[in-house]
Structure formats: structure tokens, C-alpha cells
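# What the coordinates show
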Amino acid sequence: MSERNPKVEAWMNRTVVDSSGSKVGTVTDVYVDDETNQPDWLAVSTGLFGTKVSFVPVEGARADGDGVMVAYTKDIVKAAPRTEADGSLSVDEEQSLYAYYGRDYTPHTGGDTLPPRATTDTPPAPTVSSDTSKRDASMVRSEEELSINKRTQEAGRVRLRKWVETENVNVTVPVERQMARVVREPVAEGDTTSGGEFVEGEEEIVLSEEVVDVSKRVVAKERVGLEKETVTGQVAVDETVRKERVGVDGGELIGDDRGDVSKGTQR
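Criteria and cut-off values
- One numbering rule holds for all chains: residues counted from 1, following each sequence as written.
- Only residues with pLDDT of at least 70 are given local features in this predicted model, and only at 80 or more are side-chain atom pairs given and counted; all residues enter the totals for whole chains, interfaces and linings.
- Computation of side-chain values covers all heavy atoms of the structure but excludes hydrogens and water.
- Strands are runs of DSSP state E lasting at least 2 residues, helices are runs of H or I lasting at least 4, and numbering of each runs from the N terminus.
- Exposure is judged per residue with a 1.4 Å probe applied to protein chains only, and the accessible area is read against the type maximum: over 50% gives exposed, under 20% gives buried, and values in between give partly exposed.
- Any two residues whose heavy atoms approach within 4.5 Å at even a single point are treated as in contact.
- Shrake-Rupley sampling with a 1.4 Å probe provides the accessible areas, and residues are treated as covered by the protein chains on show and by no other component.
- Salt bridges, as used here, are contacts in which a Lys or Arg side-chain nitrogen is within 4 Å of a carboxyl oxygen on Asp or Glu.
- Here, nonpolar core refers to any group of buried Ala, Val, Leu, Ile, Met, Phe, Trp, Tyr and Cys residues whose side-chain atoms link them within 4.5 Å.
- Under the rule applied, a polar contact is a pair of N or O atoms within 3.5 Å (in protein, one hydrogen donor and one hydrogen acceptor; residues adjacent in sequence only if both atoms are side-chain atoms).
- Two distance rules govern patches: like charges are joined within 9 Å, and nonpolar side chains (Val, Leu, Ile, Met, Phe, Trp, Tyr) within 5 Å, applied only to residues with over 30% relative accessible area and no salt bridge.
- For Phe, Tyr and Trp, rings pair up if their centres lie within 6.5 Å, where Trp contributes its six-membered ring, and each pair is then called stacked (planes under 30 degrees apart), edge-to-face (over 60) or tilted (otherwise).
- By definition here, charges over rings are those cases where NZ of Lys or CZ of Arg is within 6 Å of the ring centre and within 35 degrees of the ring normal.

## Here's the deal with the overall build of the protein chain
Along its length, the protein chain carries three helices and ten strands. In the protein chain, the succession of α and β elements from N to C terminus is α-β-β-β-β-β-β-α-β-α-β-β-β. Taken across its 267 residues, the protein chain has 20% of its residues classed as buried. Pairs at least 24 apart in sequence give 53% of the contacts found in the protein chain among residues at least 6 apart. Of the roughly 23500 Å² that the protein chain leaves accessible, carbon and sulfur atoms contribute 48%.

## Here's the deal with the pattern of salt bridges
A side chain with one charge can pair with a side chain of the opposite charge if their charged atoms come near. Taken as a whole, this structure holds five salt bridges when the rule is applied. Among the ionic pairs, R103 bridges to D40, the shortest N-O distance being 3.5 Å. A residue pair is termed long-range when its members are at least 10 positions apart, and R103 in the loop between helix 3 (91-100) and strand 8 (112-113) and D40 in strand 3 (residues 39-46) qualify at 63 residues. Among the charged side chains, a network of salt bridges with common partners joins D40, E59 and R103.

## Digging into the nonpolar core
Side chains that are nonpolar tend, in soluble globular proteins, to be buried together. Ranked by size, the top nonpolar core spans 26 residues in total, and within it V16, W41, L42, F55, V56 and Y101 carry the most contacts. Where this core is concerned, the elements lending two or more residues are strand 2 (23-33), strand 3, strand 4 (52-57) and helix 3. In this view, L42 contacts V8, W11, V27, D29, V30, S54, F55, V56, V58, A61, V68 and V70; residues no more than four positions away in its chain are not counted.

## A word on the side chain of R103
Accessibility expressed as a relative area gives 16% for R103, which makes it buried. A polar contact is formed between the side chain of R103 and the side chain of D40, at a distance of 3.5 Å. Discounting residues that sit within four places of it in the chain, R103 has contacts with D40, W41, P57, E59, Y72 and Y98.

## Quick word on a nonpolar patch on the surface
Together, V169, V171, V173, V175, V212 and V214 give the surface a local cluster of nonpolar side chains, amounting to about 590 Å² of exposed area. Along the chain, V171 turns up in the loop between strand 8 and strand 9 (252-253).

## Some points on the packing of aromatic side chains
Across all of its chains, the model carries five aromatic pairs by this definition. With 6.1 Å between their ring centres and 45° between their planes, W41 and Y101 make a pair best called tilted. With a gap of 60 residues between them, W41 in strand 3 and Y101 in the loop between helix 3 and strand 8 connect regions that are remote in the sequence. You'll find W41 and Y101 in the same group, each marked buried. Feature note: the residues W41, Y72, Y98, Y100 and Y101 constitute an aromatic cluster, connected by ring pairs. Here R103 stacks its cationic end above the ring of W41, 5.2 Å away from the centre of that ring. Over the aromatic face of Y98 sits the side chain of R103, whose NZ or CZ is 4.4 Å from the ring centroid.

In C-alpha cells form, the structure reads like this:
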């Protein structure tokens, strides 16, 4: 006998949704194959008050957060053949479910049953009969539910653009230049280097100065780029939904009408 998959059995009491996210019901039991000892069916409570049980294959199902996502739509699961969730599936019941879900069925000696579970001191919760044929009259109450999705659309474009501007630059640059200064000093007595005759002549010196030469060159200063950053905001959704109400007119009403408008006498 193969080892049982504990992950599937941990799905007990989890919410079941279909591939579109619509709620199907709640996992009430996991049925295992008698021969392979592997989980084969999920018993899912559906219906208005969760009193109806539908069977959906474990194949294709997967954990989805705190819930379970099955491979079939909500309508398909709810329209599955009615089978009593009494702890076991007969060969005929199992064959009917296989055919409904389009699965290949291999006949074997037994069907699917609930695995043994540890007993506790807590008594089992009472079951409510889901046989609607025993009711004298009934109707299905529906209501609208909001389905809110998000999509990404273009909100705008940002581009980098570069252009050339001209501006004046005023800079004061210190420069040096030479000037002539007259220096007079007496000739020392006995200085034979100076002639005692009258002689005409001239001497000159060269004066220099600094001149500012200006040239220009292109220098890279910084790199400017764009980055995307995601910020989260809040968008209020204000929408109306419709709900059907079921009321009772005439006669006396026994029990709870679950808050729906009733014109009868309740007791």
C-alpha cells in the first residue's frame, strides 16, 4: 500500500474556489482510493447554507493561499451527480462521478472511502439532510457579488531631452606687466668707470606684460537618467449590488425566516 498524501488531507475545512476565483464551498471530507490509498475525491459542502455535498476530483486541485482551487467551475461542481456523503463511495457511484468529470475509469474491487481519523471526545457535528425532494416548496435566493480586478494601462510618458543654452561667464584674472622706474644714484668719488667727458647716447630696456588667452573645451559633468518607481494609492469603489429576498405570505410561520421579510405570523 502506498503512503498517503498528507497535504491533501490538510485541506479539511478550507474554502474551495474555482479557477475564476468564485467560491464553491468548503472541504468537509477527503475520500481516498481503497487500492492506492491516495486521496481521490474532495467532499465539498455547497448550497445556500452549506447543507449540500458535491464531490470533485482531487486531480488538478491545488492549495491557493488559505483555500483550495479546483480544476472545474463552480457550476460544474454543483451539478455533479448526487451522492450521499456517508463515508464511502460504491463502485457505481464512483463510476458515475468519473464519467461526469470525463475521467478514465478503471474498474476495481472497491470504491473510495474516508480514511480513519483519530477519535476525540468532541461529538461529531449533526448533519442536515440535503434532500430537497422532501420539502413541500422551495426556491433559490441569489445575490450579486462584486468582482474587482485590476489591469495595467499607460498613464503617461516621460522622456529625456537635451538642448544647448548660452550664458555669460564673468571671471577676473590677475595679470602682470612691467613698468620702467627711474633710479638716480650719485657716482662715488674716484670712480674711473664713468668718463668725465660729455657724450651723447641712449639705452633701452624691454618691458613685458601678461596677456589673457581664452579657449573653451567640453567637459562631461554628470549623467542624468530615468528610473521607474511604483507607489501605492487607494481607489474607492462605490457600486450597488442586488440581492433577492425570500418572504412568506399568509398563514403561520414556524422557525426562523433568517431576516427576510415575512408577512406571516412567526412562532
